[in-house]
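Structural features, examined
Okay, here's what each chain looks like letter by letter:
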Number of protein chains: 2
Amino acid sequence: MSGTRREVPNDPGRKERILDAALDVVAELGVPGTTHRRIAARAEVPLGSLTYYFDGLEDLLGQAFERLSTGMSATYRRTLEAARTPAEAEEAVVDLICGPRYATAREMTLIFEMYAYANHHAGVGATARAWVLRSRESLGLHFPEPVCRALDVLVEGWPIHRAFDAGPPDRALVAATVRAIVGGLTGGPGGPPAADEG
Amino acid sequence: MSGTRREVPNDPGRKERILDAALDVVAELGVPGTTHRRIAARAEVPLGSLTYYFDGLEDLLGQAFERLSTGMSATYRRTLEAARTPAEAEEAVVDLICGPRYATAREMTLIFEMYAYANHHAGVGATARAWVLRSRESLGLHFPEPVCRALDVLVEGWPIHRAFDAGPPDRALVAATVRAIVGGLTGGPGGPPAADEG
DNA sequence: GGCGAGTGTGTACGCTTGTACAGCCTTGCT
DNA sequence: AGCAAGGCTGTACAAGCGTACACACTCGCC
């Protein structure tokens, strides 16, 4: 039935391999140092492959960052889905901030690059927006909306400080902060229910 | 007395003008789009000036980012110094997060670029570290150390979400979160004193 | 076995980049 | 007025970039 002869590419998964190689190069040299040639070398594919599979460097980086954010969102969600009780949910948030699974050094480097890039390329801007939304959605499995916003800020901001602080994560402080926010924003005696005092 | 004839440069302030122009270009095009020529055009100086005043692009960007972080640190500190009571201090933190004075769109864009750049250039890495330290020091004018850490994460993380969220700052929620952290971490009933439960 | 379509690649080109440097121009001293 | 000493600049160059494209190759069908 098909008029075309070869619907299957010779090397399936090649495109993904290129995207991973691109992320490797970005992690190592930053976007300014990321070139077609370096990506091709890292992926061990000919230079022409990049222009064949992608519509220029902007397209390639856009898809690479989308791949990154999709993968991280999945980890984020899986971590929160595994929690069964409110206490476990708080623990999961602490894990996201401190744990060795999420927000690794490589991931933080890539996230910085993505945010920087997003400010100058609308497509990646949309990716970043979607990513923030998905995070909040995952937190929504366990917490009311305002708490989600506040906690997500924590999950976002703390690893950044870790990246430039060399110090250990200090799990206890993170745990205390998470508890303070959850308690304080859900009607605890420490603060108003949420956002109803302005 | 002096052996040299011209100790005063023809155009004082030129160097600073170049640094400001560099930040303008970075804010508009990102580091990957920042070139000697574009900076020179923006600063309205000849191309040769850049190699005369700076030892290459890395040196120039390093000094530009240092200028940026110094300026922002000053605003940060001034805002906190103006607070006279604990309540005013909390309000100041909320101002830093929401206010139109600190963390403007341009500044956030530049901060992203700086963080991304810092991961690949040791000099700017030191600048970023110093910047985080200064922030915490300024918060230390009003809050104990663990609270400083948590609040600084908020000041860092919330504007990031603002940058990709299009929504309004929601001052009330920010204020409630700040209060929850300050209350919860300083012995309030919502949580332990601080970091002493691991 | 031969054919044609569609996948994939090696090479070449025009352009922009960072940077070096020969020399100009301003200036203070004599 | 003349000089000498730098601060400063315009220009030139080699390197590396993104991208186009003519061609090789593979494979199902007749």
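Residues numbered from 1 in each chain as written. Chains lettered and ligands numbered in written order. Predicted model: local features only at pLDDT ≥ 70, side-chain atom pairs only at ≥ 80, totals over all residues. Heavy atoms only, no water.

**Overview of the overall build of chain A**
For chain A, the helix and strand inventory stands at nine helices and zero strands. Beginning at the N terminus, the succession of helices and strands in chain A can be written as α-α-α-α-α-α-α-α-α. Out of the 198 residues belonging to chain A, those deemed buried represent 51%. Contacts in chain A between residues at least 24 apart in sequence constitute 64% of all its contacts with a sequence separation of at least 6. Surface exposure of chain A reaches about 9,200 Å², of which carbon and sulfur atoms provide 52%. (Helix = DSSP H or I, 4+ residues; strand = E, 2+ residues; numbered from the N terminus. Buried < 20%, exposed > 50% of the residue type's maximum accessible area, 1.4 Å probe, protein only. Contact = heavy atoms within 4.5 Å. Areas by Shrake-Rupley, 256 points an atom, 1.4 Å probe, with all protein chains shown as cover.)

**A short note on the relation of the copies chain B and chain A**
For these two chains of identical sequence, chain B goes onto chain A by a turn of 180° and a shift of 0.0 Å along the axis, with RMSD 0.0 Å. Taken together, these values place the two copies in the relation of a two-fold axis. A share of 100% of interface residues in chain B that are also interface residues in chain A marks the association as one of identical surfaces. (Least-squares fit on C-alpha atoms with pLDDT ≥ 70 in both.)

**Details of the confidence of the model for chain A**
Across chain A, pLDDT averages 90, with 89% of residues at or above 70. Note on residues 189–198 of chain A: pLDDT is under 50 here. Beyond four places in sequence and across chains, it has 21 contacts. (pLDDT = per-residue confidence, 0-100.)

**Comments concerning the nonpolar core**
Judged by nonpolar contacts, the single largest core of 134 residues is most densely connected at Leu151 of chain A together with Leu151 of chain B. There are two domains that each give this core at least three residues, and those are domain 1 (9–54) and domain 2 (72–185) of chain B. Those residues within four positions of Leu151 of chain A in sequence are excluded, and the remaining contacts are Val93, Leu139, Phe143, Val178, Ile181 and Val182 of chain A. (Core = buried A, V, L, I, M, F, W, Y, C linked by side-chain atoms within 4.5 Å. Domains from an automatic or database assignment.)

**Side note on the interface of chain B and chain A**
Listed by partner, the interface residues are 51 residues for chain B and 51 residues for chain A. The interface formed by chain B and chain A includes four salt bridges. The residue Arg136 of chain A makes a salt bridge to Asp165 of chain B at a minimum N-O spacing of 3.4 Å. Summed over the shared surface of chain B and chain A, the number is twelve residue pairs in polar contact (both at pLDDT 80 or more). At the level of elements, helix H1 (14–29), helix H6 (105–118), helix H7 (122–139), helix H8 (145–163) and helix H9 (171–185) of chain B are the ones that each hand at least two residues to the side of chain B that touches chain A. A total of eleven residues in the side of chain B that touches chain A trace back to one element, the largest contributor, which is H8 of chain B. (Salt bridge = Lys/Arg side-chain N within 4 Å of Asp/Glu carboxyl O. Polar contact = N/O pair within 3.5 Å; in protein donor to acceptor, adjacent residues only side chain to side chain.)

**With respect to the packing of aromatic side chains**
Evaluation of the coordinates by the stated rule reveals twelve aromatic pairs over all chains. Ring centres of Phe112 of chain A and Phe164 of chain A lie 5.8 Å apart, and the angle between their planes is 25°; on these two criteria the pair is classed as stacked. Of this pair, Phe112 of chain A sits in helix H6 (residues 105–118) while Phe164 of chain A sits in the loop between helix H8 (145–163) and helix H9 (171–185); the two residues are 52 residues apart in sequence, bridging distant segments of the chain. Each member of the pair, Phe112 of chain A as well as Phe164 of chain A, carries the same accessibility label: buried. Put simply, the rings of Phe112 and Phe164 of chain A together with Tyr115 of chain B pair up and form one aromatic cluster. (Phe/Tyr/Trp six-rings, centres within 6.5 Å; stacked < 30°, edge-to-face > 60°.)

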